[in-house]
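The residues making up each chain are set out below.
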Amino acid sequence: MAFQGKKLINNPDDVVTEFIEGLVETYPGLQYLDGFPQIKVVLRADVERGAYDKVAVISGGGSGHEPAHAGFVGPGMLTAAVSGDVFASPPVDSILAAIRAVTGPMGCLLIVKNYTGDRLNFGLAAEQAKSEGYKMEMVIVGDDCALPPPRGIAGRRGLAGTVLVHKVAGAAADAGLSLADVAAEAKHASEVVGTMGVALSVCTLPGQVTSDRLGPKQMELGLGIHGEPGVAVVELQPVDVVVEHVLKQILSQETQYLPITRGSNAVLLINGLGATPIMELMIAARKAVPELQLEYGIAVDRVYTGTLMTSLDMAGLSITIMKSDENILKRLDAPTKAPAWPVGSEGNRPPAKFPVPVPPSPSMKDDEILAQPQELSKQGCILEAAIEASATEIINLKDSLNEWDSKVGDGDCGTTMYRGATAILEDMKKRYPMNDAAGTINEIGATIRRVMGGTSGILYDILFKAAYASLKQSRTVTANEWADALEASVAAVSKYGGASVGYRTMLDALIPASTVMKQRLKAGEDPVTAFIASSEAASAGAESTKQMQAKAGRSSYIAPDLLASIPDPGAMAAAAWYRAAALAVKNKLHGSKS
């Protein structure tokens, strides 16, 4: 079923003009021509009509590719950008208005993506401008590498590689070169650049329904930037596999779209298509660089990663490779004030980057790392059973915790706890001194600190560090010492986290557990029975969070009615591992039937 796409817009017919108004409000160096709604042109605010003493560089096309093209207007890049409606080529009059507004005696270069409408409209505008006495040149960019040649009359589509051509041409123009020389550099850049895109979703045009042509576990290879279907629909793959496939396609010796061979130098652009988090783009970049260097023998001179040419709200990315030389690098490194150019990417990059070694901890040397003793004492066996049961219970609860957290938090509670639990099971085999309760608790904290991350990781690290500080004072660890350690842990988490009972956190499980444990032991009850009773109190406390209004954590930002009947995931996790530990101790000491 198709649904109306959700957009933060007003009238769908006004999205382009309102975008331009917001753009120029944001960047003082930009201005627009007063010709809305027919003429949608962004230009440099410092360029006076007819007085510009350098080659004007103009590009444009249909809107929906933001920040391209208007975001690349500025000294050192485009002089003006012409916008059509969403995915529609701008009309000839708009292009002519841009030419007349910024072109001086040095002439004008039009950079056009290879789509029929753009070629025709920009071409006709160029001919009209010539008839008016303007010196004109036009370079068409067709950098798509998804389809094998021949491409017929249409040719290869213009994609994100166009942005690199903008930069080369803009820097050449800014350096004072003639129109012929600027056009020659732009044409050369367009002939040594290749791009291929991959989509995880279909874009939604303003005011229209979202297409359902892509299933939840499908991806599209070789798409354009106008929402058109890709070359193939395939099953969703890990990003490393996707990057390998795309690079193979771009660098194919069969198509020979790029004059790049082993020993060449290149520039890499990882471009987001509109709805792709920068995290995912960086993951792709981290695969693409060594793949180019090690598998293809190509030296990577520059890496640009970000959202430069989009397809509205499409999830996906494109990869662009441009063969580099000394002049191209000089143009790419030249300064520009175009707001959307990734300015942090300038300068030489080393052939290889190695992580900086972690400074050694002053508290533990290699020869002091604790190791599990060969033979466990009775207490060591009980502690091992309790830890194993607790970690296993959290592993089994992963999906439920994530499901609860997706409704009241950020959806990763189960995954975070799972990371900690699996690491604990791994570390306990090789580095936990099970006969030393305090030392083991300390090492659990170290494991958690290393792998869990986030607020949960910090709070659990505090929990175990406080327990260690309490336990290490005792030569023999009895039930009362364990109860004191739990009480100290709860106090520390409450102190640093700011929560208490009723705040809808893990303390709603652990505080009742601690209270009941202390009460039962003080009354002289058998420690195992007291442990079981306190675990039941933990479970009841966790269940009670269903009726609580959150006062701490991410849930505190969520409307109370959305929390109703859903337990706090952190409290449920705490109750689960605590209960599992209690049952494991009971089984070890009294057997499962007692």
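Note that the structure is a prediction, hence the values are computed from the model and not measured.

### A few points about the overall build of the chain
Piece 1. A count of helices and strands for the chain gives 18 helices and twelve strands.
Piece 2. A compact globule built from 594 residues should have a C-alpha radius of gyration of about 25 Å, whereas the chain, at 31 Å, is more than 25% larger.
Piece 3. The C-alpha extent of the chain, read off along each of the three principal axes, is 105 × 55 × 40 Å.
Piece 4. When each of the 594 residues of the chain is scored for burial, the buried share is 50%.
Piece 5. Sequence-distant contacts, at least 24 apart, represent 73% of the contacts inside the chain between residues at least 6 apart.
Piece 6. Accessible surface computed for the chain: about 27,300 Å², of which carbon and sulfur atoms make up 54%.
Piece 7. Computed over 54 positive and 65 negative side-chain charges, the separation of the two mean positions in the chain equals 4 Å.

### Description of the pairing of strand 10 (residues 265-272)
Piece 1. Most of strand 10 is tucked away, with seven of its eight residues classed as buried.
Piece 2. Pairing geometry for strand 10 and strand 11 (residues 299-306), over seven bridges, is parallel. From the neighbouring strand, L269 faces strand 11, where its bridge partner is Y304.
Piece 3. Following the backbone out of strand 10, through helix 7 (residues 278-295) and into the adjacent parallel strand 11, one traces a crossover that is right-handed.

### Comments concerning the pattern of salt bridges
Piece 1. For the structure shown, the criterion picks out 22 salt bridges.
Piece 2. For K130, the salt bridge goes to E127, with nearest N and O atoms at 3.4 Å. Of this pair, K130 and E127 are both found in helix 3 (residues 116-131), three residues apart, which corresponds to roughly one turn of the helix.
Piece 3. A salt bridge links R431 to E443; the shortest N-O distance between them is 2.8 Å. Within this pair, whereas R431 is found in the loop between helix 11 (413-427) and helix 12 (437-451), its partner E443 is found in helix 12, the two being separated by twelve residues in sequence.
Piece 4. Under the relative-accessibility criterion, E443 is labelled buried at 2%.
Piece 5. Salt bridges linked by common partners bring E244, K287 and E291 together as one network.

### Some points on the packing of helix 16 (residues 527-544) against helix 18 (residues 569-590)
When two helices pack together, their arrangement is given by the angle between the helix axes and by the axis-to-axis distance.
Piece 1. Interaxial distance between helix 16 and helix 18 falls to 9 Å at its minimum, and their mutual angle equals 160°. On the basis of the axis angle, helix 16 is roughly antiparallel to helix 18. In the packing of helix 16 onto helix 18, the handedness of the crossing is left-handed. Contacts from V528, F531, I532, S534, S535, E536, A538, S539, A542 and E543 in helix 16 reach A571, M572, A575, Y578, R579, A581, A582, L583, V585, K586, L589 and H590 in helix 18.
Piece 2. Its residues assigned to classes, the contact of helix 16 with helix 18 comprises 14 nonpolar, four polar and four charged.

### Looking at the pairing of strand 3 (residues 56-63)
Piece 1. Where burial is concerned, most of strand 3 is hidden: eight out of the eight residues are buried.
Piece 2. Pairing between strand 3 and strand 5 (residues 108-113): four bridges, direction parallel. Bridge pairing in strand 5 places I58 opposite L110.
Piece 3. Bridge analysis of strand 3 against strand 4 (residues 80-86) gives five bridges, and the strand direction is parallel. Considered in strand 4, the bridge of S63 is made with V86.

### Notes on helix 16
Piece 1. With 18 residues, helix 16 should cover 26 Å at 1.5 Å per step; its first-to-last C-alpha distance of 25 Å lies within 8% of that length.
Piece 2. Those residues of helix 16 that fall on the buried side of the exposure criterion are V528, A530, F531, I532, A533, S534, S535, A537, A538, G541 and A542.
Piece 3. Elements that come into contact with the buried residues of helix 16 comprise helix 15 (507-522) and helix 18.
Piece 4. For helix 16, the N-terminal cap is D526; the gap from its side-chain oxygen to the backbone nitrogen of V528 is 3.2 Å.

### Focus on the sheet that holds strand 8 (residues 218-221)
As a general point, the strands of a sheet are linked pairwise by backbone hydrogen bonds and lie either parallel or antiparallel.
Piece 1. In space, the six strands of this open sheet follow the order 9-8-7-12-10-11, with mixed pairing throughout. Edge positions in the sheet fall to strand 9 (232-235) and strand 11, since each has one partner strand and no second. Neighbour-to-neighbour, the strand axes of this sheet turn through a mean angle of 20°, independent of strand direction.
Piece 2. As judged from the seven bridges shared by strand 7 (residues 193-199) and strand 12 (residues 316-323), these two strands associate in the antiparallel manner. When the bridges of strand 12 are listed, T195 appears paired with T320.
Piece 3. Contacts between helix 7 and the sheet are confined to strand 10, strand 11 and strand 12, with strand 11 contributing the most and set at about 170° to the helix.

### Description of the domain arrangement of the chain
Piece 1. In terms of domains, the chain is made up of domain 1 (187-205 + 216-334) and domain 2 (378-591).
Piece 2. Each of domain 1 and domain 2 has a C-alpha centre, and these two points are 46 Å apart.

### Notes on the nonpolar core
Piece 1. One finds F72, L109, L164, V165, V182, M322 and L332 to be the most contacted residues of the largest nonpolar core, which totals 59 residues.
Piece 2. Among the elements that line this core, the one with the most residues is helix 4 (residues 161-174), at seven residues.
Piece 3. Core analysis: the second largest hydrophobic core is formed by 58 residues, C413, M434, L471 and A575 among them.

Criteria and thresholds
- Residues numbered from 1 in each chain as written.
- Predicted model: local features only at pLDDT ≥ 70, side-chain atom pairs only at ≥ 80, totals over all residues.
- Heavy atoms only, no water.
- Helix = DSSP H or I, 4+ residues; strand = E, 2+ residues; numbered from the N terminus.
- Rg over C-alpha atoms; globule rule 2.2 N^0.38 Å.
- Buried < 20%, exposed > 50% of the residue type's maximum accessible area, 1.4 Å probe, protein only.
- Contact = heavy atoms within 4.5 Å.
- Areas by Shrake-Rupley, 256 points an atom, 1.4 Å probe, with all protein chains shown as cover.
- Lys, Arg positive; Asp, Glu negative; His and termini not counted.
- Charge placed at Lys NZ, Arg CZ, Asp CG, Glu CD.
- Pairing = 2+ DSSP bridges.
- Right-handed = clockwise from strand over helix to strand, strands pointing away.
- Salt bridge = Lys/Arg side-chain N within 4 Å of Asp/Glu carboxyl O.
- Axes fitted to C-alpha atoms, helices over the stretch in contact; angles between N-to-C directions.
- Parallel < 35°, antiparallel > 145°, perpendicular 65-115°, else oblique.
- Left-handed = near helix turned anticlockwise from the far one by under 90°.
- Nonpolar A, V, L, I, M, F, W, Y, C, P; charged D, E, K, R; others polar.
- Expected span 1.5 Å × (residues − 1).
- Polar contact = N/O pair within 3.5 Å; in protein donor to acceptor, adjacent residues only side chain to side chain.
- Domains from an automatic or database assignment.
- Core = buried A, V, L, I, M, F, W, Y, C linked by side-chain atoms within 4.5 Å.

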